[in-house]
Each structure stands twice: as structure tokens, then as C-alpha cells.
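Examination of the molecular architecture
Read off the chains here:
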Amino acid sequence: MKNNNDFEFVSSKFSEENVTPPESLNEENIKALLEKESEEGSKNVVKIKKKKSVWRPLVAVAACFAIIVASGVYANQSGVFSRFTSEKEAEVEAGVMDGIETYNNYSELKSAVDKINERNSKEQKSGTTFGGILKSKSAVQEDMAVDENSAETAQKGPSDSNNSNYAKTNVQVEAVDEGDILKTDGKYLYYIEDDYNAVVAIFSANNGVTELQTKIEASVPNANFCELYIKGNRLILIGERSDYSNVKKNDYYDYTPAEGYTFIHIYNVKDIKKPKLISKYEQSGYYNSSRMTGDCVYLVSNYGDFYYSYKNDDNCIPCASGEDGKTVKLPINNISGIKDGTDSRYSVIGALDITGKGKAVKKTTKAILGVNQQIYCNEKNLYLTGTINKKLGKDKYQDYTNIVRLTVDKTNISISAAGRVKGRVNDQFSMDENDGVLRIALTDYDYDNGEDINRLYTLDKQLNVIGQTEGFAKGEHIEAVRFIGETAYVITYEQTDPLFIMDLSNPENPKITGEVKIDGFSSFLTPVDENTMLGIGYATKEEEWGIVQDGLKLALFDISDKNKPRVLDEFEIHDSGSEAQYNHKALTINREKGYFAIPFSNYDYEEYDEFANNDDFDDDSYIRDYENGVLVIRVKNGKLSVDNLKTHNDKTIRRCTYIGDFIYAPDANAKEVYKFIVK
């Protein structure tokens, strides 16, 4: 401190806020402490990187915080004093302040939500207030030093977890499982019926013979199951339910939408015919996504009344199960928001230990206002995104994606950084973390020229931009991205399907090294081997009103030369479709036997059109000519071969899996399981 005025200022702020400071913070004690630290070589003084902070707490708290940091300690939200144990921890705490705001009480939270809703009804002028700032080369090199706990998620082709006798869900990151509607443990098939009755059917499967063992129905009303996990004798069911108890039906202007909740029910299925419900948990909002690492499930739901104002203070406060199982409000220090945010919806993040040793409860569940769209997760970090549109001036707008990184360690969740970049994220595969660097590909809209433009950013551990590509593929938008090690593969589309290859070995200078074009477009990319990439997407055709989608398309790319990718082969089936075109979990990979399998349906539009031209045609009574089943895709010597394994015409297939030599494909309503032998 330069003089006593600083202490007088702090003292006055304590008085204004009617706060009595502890005796340890009086002027004499602080001076003595600083002198002692100086005499001992400042062993406990923490050096924090200088960063412009946009976090603005109460002046009194900020002043007090400055004094405390100078002596090597900080005050957390509960008022308990802790000491930084390392410079790394100090930087993490400093990073929390950039772009994230916290609330001292529920009234402040309600006020923040109201302000967002008010701002959304008015024109705004705002730019990038955090993140998105290019850093100096020295700062980049310092931030790029990878600590021993950073997650390395470079993928080396299809997951090695598929080298087993039964299929695993096709996931983005190895060792991080994703929920799905069909899972197998090598003995049984666990399948969520597609009939909106919240029913899971469990079938035994042995050498092509299947038998229904039992069905599990949701134990709560107005519910449906979304996805499931199976690990050992634990069946984890994720669902959502609607609570209509607060709905007002008489007055349109007082109408309140039904409140939504996402839940996890854990069953012990050791006795497969008599599953036993052993644990329940729920949190506010409808299901967004989840991940599972080890014995912990991370549950992300979207909560918020987008179209209507909150009716009371409690409605804008996210809830979660408490220790007693009752759903209660989250503690205020578990709720935070995006600084300068414009979205009044939350991501609610819960963590559940499936072993029964711990439960996801309100004290560990977090909620963040303003990020509720795509998520990316590895073993150490979970990233949340939320896109907003800002008005920068007269007839000038800009799309931004807010990013928040959460550090996850079993059931412990903490915010570790926040940032912002231009554009919109396509899906979870548009993000990847490698050696502590987040890579993210986005499509931005150039409002001045009225066209799409695409960018790929690299961000450091504080989510500041350290490198980016120049806008590429103007007039097109991103359809698919795949990161493998230090390389990104990006598909854009407007009328043709360019595959761009980008070298990310120098995160400060990501650059496009090669591209190749093809008709149609791929919406998902999966590596066949280190030299070959398979694209699954849509065939297209030109009609009088323009280019339209026209069925399923497979494309095989040679990526052995990063400067000159080539199209090796193409395969199209018109008037057809597969859920694998828009959901990566519908793709089954069997590396041992060397095939890919996807659910498939084909529809005879020509026959339909012929009947439809008849004046007596009755659309409701017309029996459509569907072909449903499974496509088995193989790659050999740079060529694609496809086998169409058909089911009955009226049986829709959404998923397939394999155990041994057999592919199993339940029909959508789990009335029957189709089997195909594939060797």
C-alpha cells in the first residue's frame, strides 16, 4: 500500500455495507503481515497474471479481496478464508472472474434474469467483453505449458473399445461414454422403446437367439426415458418429466408452461428378471446431454422459461435433489451466469456416483445462466456453449458463442474458465481439446455481405484466442468436423461438399493445407484408418427450385497426403435415410471384423407420386412401400461395398449393435429383435 488512504477507503466501504471486518484485517495487522511476508522472502505471496477482469462485485468486496490476495489468501463466497497453494491455483481462480458473474442472493439472481429479459426486448450495442482476445507470443507459450493433469484427447481412429466381442456406443472421446437408446453388455440388449411410454425392454441375446427378459417402466408420472448407460450390474436410466401442477389454464396472459425436470434412476440388474431401483436423482430443466467417466455420470439439462416471464422468484431458481431426496433450490453460490449475457436459460450440471457411495445433490450441482447448447467433454473438462446475437450498431449484428469450461473430478464440478468467439457451433464434434488447447470450428454470418463464413479458433487454458484461420468457404456453412491429433477435417456445404484439412500443430497459426470437393455433403466423419476417412451424409440433386437433399450418401476420402486429399469412392441410395446422418450414436463400428453398420430405410416415392396424382387417392389408407433394415459398410482397397440387410417393411429400425458374429436390430417399439449373421 502506498499510503493510509487505501485503508481508509476500505474501512469506509465496510461501513457503507454495514459489514464488521475481522480484527485480523485492521490496518496494523495487515501491515504486520505484509512486513512478515517480505522478511521471509514473500514465500506465500502469489503472483497472478495481469488480465483485464470484467467481473464487478461490490466495491467493498473487491477492495477487501485485493488486500487478502496481497497476503496470499482469498475469501470464498461462504466467507471462509483459504490459502492458494500454488500459482496454478491462483490462475484458475483468476480465470473464473473473466466472463462469469456470481450472485450474493436470490434477489440478485432474479434481478439479473429480469434484466436479460428486458434487454432482449430492446436493441443492444455490445461487442466482445471477454475472451476472444489475441495474446502475445510469450503469453501463449507460457499458457501452452501442459500441466500433469491436462487431458490429452487426440483420437487415433475408431475407438479401440470396439475391439471386443460386443459393440460399444460410438463416442467422440475415448474413455468417455455417451448415453444412447440401445446398449449391450455382451449378454443382454437394453433398449428404450420408441412409443413415448417410458419403457425399457431388456432382451437376452445368445448366438442369434433373443428373448425378452423384462420391461422397466418409469416410476414417475408424465415421464419419458431419453438415454441409458450400462456398467456392471448398474443400469442408469436418464429421463425427463413434466410437472403440470403450476400451469394456469384460464387466463392466457397468466399462462405458465409446465416445469420440466431431468432425472436419473439407477437399477441393480444383477437379477435381470427383477431389476431393483436403488437410487433416484433429478434436477431442473429438460435433458440436453450426458457423459460418463469411470463411475460418474455428468448430467446436463436446459432450464428456463424462454417465451414467458418468470411468475415468481422461485421459478428462476434451478433446483436439484437434496440429501433427503426432495427437490430443493440450489445454493446461491452454486449459480453463476455469463457476464453481459443475453440468454435467460440455464445449463444445470449434476454429477452422480453410480456405485452408491455418493449421490448428486444440490450442494454439488451447478447452474450457469447463458450457456445451454452443445457440450464437449473429456476426462478432465466439460465445455458448455451458448450462442447469442448482438446488435453492434445500426443494421449491424454479430453472432457470438459463449464458452464455459468446467473442471470435473468425480462428483466435484468447478468453473475454471470462460471465453467468447464469433459464430455458431454446429455440434459437439466442432470442439476438441488437445494438449490443453481448445480447438473450435464455427460458422459465422456476415451481415454486411449476407453470407456465411467459417472460422476455426484455438484457445488457451483461460479461453483466450491464441490463433485462428481466416474466414474460409464463404457462402457455405459447416456440416461436419473431426479432430484427430493435430489435424482438423472440416466439411462445409452449399452446393458442393468441400473437405478441408487443417494443420493445428502450431496452435498460434492453424492453417488449411488441402481441400477436395464432391457432390452432396457429409454430416458426419469417422476415420477408417490413419489414411482413410468415411463420410456419412446426404445425396443431393438439382431441381427447378434449386439443390435438394435426395437420400443417403457415403464418401470415402484418402487423407494420407494432408496437402492433397482425394475422393476414393462414393455410394448413393436415393429416396432413403438413416439416423446416422444426424446422430453419430446410430453408427456401429466393428474394427475386428472390419465393418460399419447403420440403421436404414428406403421409400418408393415414385409409386407414391403415381397414386397421389389420382383424385380418389386417400393418403391415410395408402400402404407405403418401406424397406427397413441395416446397411453393412466395408472398405477394401479404396472401395466401398454395402450390404442391405432387410427387415419387414413396417418395422422401423433406429439402432443396431453386435455381439459376436450377429448384428441385432430391435424394431422401434421393441416388439421384435432382428438378427443378421455377419462374418
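Residues numbered from 1 in each chain as written. Predicted model: local features only at pLDDT ≥ 70, side-chain atom pairs only at ≥ 80, totals over all residues. Heavy atoms only, no water.

1. Details of the overall build of the protein
As a reminder, the rule being used: Note on conventions: DSSP H or I runs of at least 4 residues are helices, E runs of at least 2 residues are strands, and numbering of each starts at the N terminus. In this scheme, a residue with accessible area under 20% of its type's maximum is buried, one over 50% is exposed, and one in between is partly exposed, where area comes from a 1.4 Å probe on protein chains only. Contacts are assigned to residue pairs that have any heavy atoms within 4.5 Å of one another. The accessible surface values rely on the Shrake-Rupley method and a 1.4 Å probe; as for residues, cover is taken only from the protein chains in view.
Each helix and strand in the protein was counted, giving seven helices and 43 strands. Out of the 679 residues belonging to the protein, those deemed buried represent 52%. Counting only contacts in the protein whose residues sit at least 6 apart along the sequence, the fraction spanning at least 24 positions is 57%. Roughly 31800 Å² of accessible area belongs to the protein as shown, and the carbon and sulfur atoms make up 44% of that amount.

2. Here's the deal with the side chain of Asp432
Which entries qualify depends on this criterion: Pairing of N or O atoms within 3.5 Å defines a polar contact, subject to two protein rules: one partner must be a possible hydrogen donor and the other a possible acceptor, and residues neighboring in sequence count only if both atoms are side-chain atoms.
Locating Asp432 in the fold gives a position in strand E24 (residues 431–434). A distance of 2.6 Å separates a polar atom in the side chain of Asp432 from a polar atom in the side chain of Arg439.

3. Re the sheet that holds strand E21 (residues 396–409)
What counts, and what does not: Strands were regarded as paired on the criterion that DSSP finds at least two bridges between them. Axes, fitted as lines to C-alpha atoms, cover a helix only where it is in contact. Angles between the N-to-C directions of the axes lie from 0 to 180 degrees.
As summarised here, the arrangement of the four strands in space is E19-E20-E21-E22, forming an open sheet in which the pairing is antiparallel. The sheet is open, and its two borders are formed by strand E19 (375–377) and strand E22 (412–422), each paired with just one other strand. Mean inter-strand twist for the sheet, computed between neighbouring axes without regard to direction, equals 25 degrees. Pairing of E21 with E22, which is carried by ten bridges, proceeds in the antiparallel orientation. Along E22, the bridge assignment pairs Thr401 with Val421.

4. Topic: the packing of aromatic side chains
The criterion, for reference: The pairing test for Phe, Tyr and Trp rings, Trp by its six-membered ring, is centres within 6.5 Å, and the orientation test on the planes gives stacked under 30 degrees, edge-to-face over 60, and tilted for anything in between.
Applying the stated rule across the entire model yields twelve aromatic pairs. Seen from their ring centres, Phe225 and Phe263 are 6.3 Å apart, and the 70 degrees between their planes marks the pair as edge-to-face. On the criterion of sequence distance, the pair formed by Phe225 in strand E8 (residues 223–231) and Phe263 in strand E10 (residues 259–268) is long-range, its members being 38 residues apart. Comparing Phe225 with Phe263 shows no difference in burial state: the two are buried.

5. Focus on the nonpolar core
Heads up, the rule is: We define a nonpolar core as any set of buried Ala, Val, Leu, Ile, Met, Phe, Trp, Tyr and Cys residues linked to one another through side-chain atoms lying within 4.5 Å.
Leu384, Val404, Leu406 and Leu459 are the most contacted members of the largest nonpolar core, which totals 35 residues. Looking at this core, the elements that each hand over two or more residues are strand E13 (296–303), strand E17 (346–353), E19, strand E20 (381–393), E21, E22, strand E25 (437–446) and strand E26 (451–459). Ranked by the residues each element gives to this core, the list is headed by E22, at five residues. The residues contacting Leu406, other than those within four sequence positions of it, are Ile349, Ile368, Lys380, Asn381, Leu382, Leu384, Ile413, Ser414, Ile415 and Ser416. Of all hydrophobic cores here, the second largest spans 30 residues; its members include Ile192, Ile202, Ile230 and Ile272.

6. Let's talk about helix H5 (residues 106–120)
Test applied: To estimate the expected span of a helix, count its residues, drop one, and scale the result by 1.5 Å. Arc definition: it is the arc formed by the directions from the helix axis to the C-beta atoms.
In a regular helix each residue adds 1.5 Å, so 15 residues correspond to 21 Å; H5 covers 21 Å between its end C-alpha atoms and thus fits that length. Buried residues of H5: Leu109, Lys110, Ala112, Val113 and Ile116, and no others. Viewed end-on, H5 has its buried residues packed into an arc of 160 degrees, placing them on one side of the element. Considering only its buried residues, H5 is in contact with strand E3 (100–102), strand E16 (335–338), E17 and strand E18 (366–369). For H5, the side-chain oxygen to backbone nitrogen distance between the N-cap and Ser107 is 3.2 Å, and the N-cap itself is Asn105.

7. Brief notes about unusual backbone geometry
Peptide bonds are trans in most cases, and residues, glycine excluded, mostly fall at negative phi. One non-glycine residue, Ala175, lies in the positive phi region at around 75 degrees. Here Ala175 lies in the loop between helix H6 (137–143) and strand E4 (182–184). Positioned with a positive phi, Asp435 is a non-glycine residue whose angle comes to about 50 degrees. Positionally, Asp435 belongs in the loop between E24 and E25.

8. Some thoughts on the pattern of salt bridges
Using the following cut-off: Put simply, a salt bridge is a Lys or Arg side-chain nitrogen that is within 4 Å of an Asp or Glu carboxyl oxygen.
Using the criterion set out here, one finds 21 salt bridges in the structure. Glu227 is the salt-bridge partner of Lys585, the closest N and O atoms lying 2.7 Å from each other. Separated by 358 residues along the polypeptide, Lys585 in the loop between strand E36 (576–577) and strand E37 (588–590) and Glu227 in strand E8 bring together distant segments of the chain. The burial state of Lys585 is the same as that of Glu227; both residues are buried.

9. Some remarks on a nonpolar patch on the surface
We count it as follows: The patches described consist of residues with a relative accessible area above 30% and no salt bridge, like charges being joined within 9 Å and nonpolar side chains (Val, Leu, Ile, Met, Phe, Trp, Tyr) within 5 Å.
Together, Tyr397, Tyr445 and Tyr447 line one region of the surface with nonpolar side chains, adding up to about 240 Å² of accessible area. With respect to the helices and strands, the residue Tyr445 is situated in strand E25.

10. Some remarks on the confidence of the model for the protein
What counts, and what does not: A residue's pLDDT is the confidence the predictor assigns to it, expressed on a 0 to 100 scale.
Here the protein averages 79 in pLDDT, while 72% of its residues score no lower than 70. Here residues 1–20 is a poorly scored stretch, pLDDT under 50, and it has 19 contacts once near neighbours within four places are set aside; other chains count. For the stretch residues 123–161, pLDDT sits under 50, and the model shows 96 contacts to residues farther than four places along the chain or on other chains.

11. Quick look at the sheet that holds strand E31 (residues 511–516)
Strand order in this open sheet of four strands is E28-E29-E30-E31, and the pairing throughout is antiparallel. Taken across any chain shown, the strands that pair with only one partner, and hence form the sheet edges, are strand E28 (477–484) and E31. Here the average twist between neighbouring strands, direction ignored, is 25 degrees. With five bridges joining them, strand E30 (residues 499–503) and E31 adopt antiparallel strand pairing. Pairing of Phe500 across the sheet is with Glu515, part of E31.

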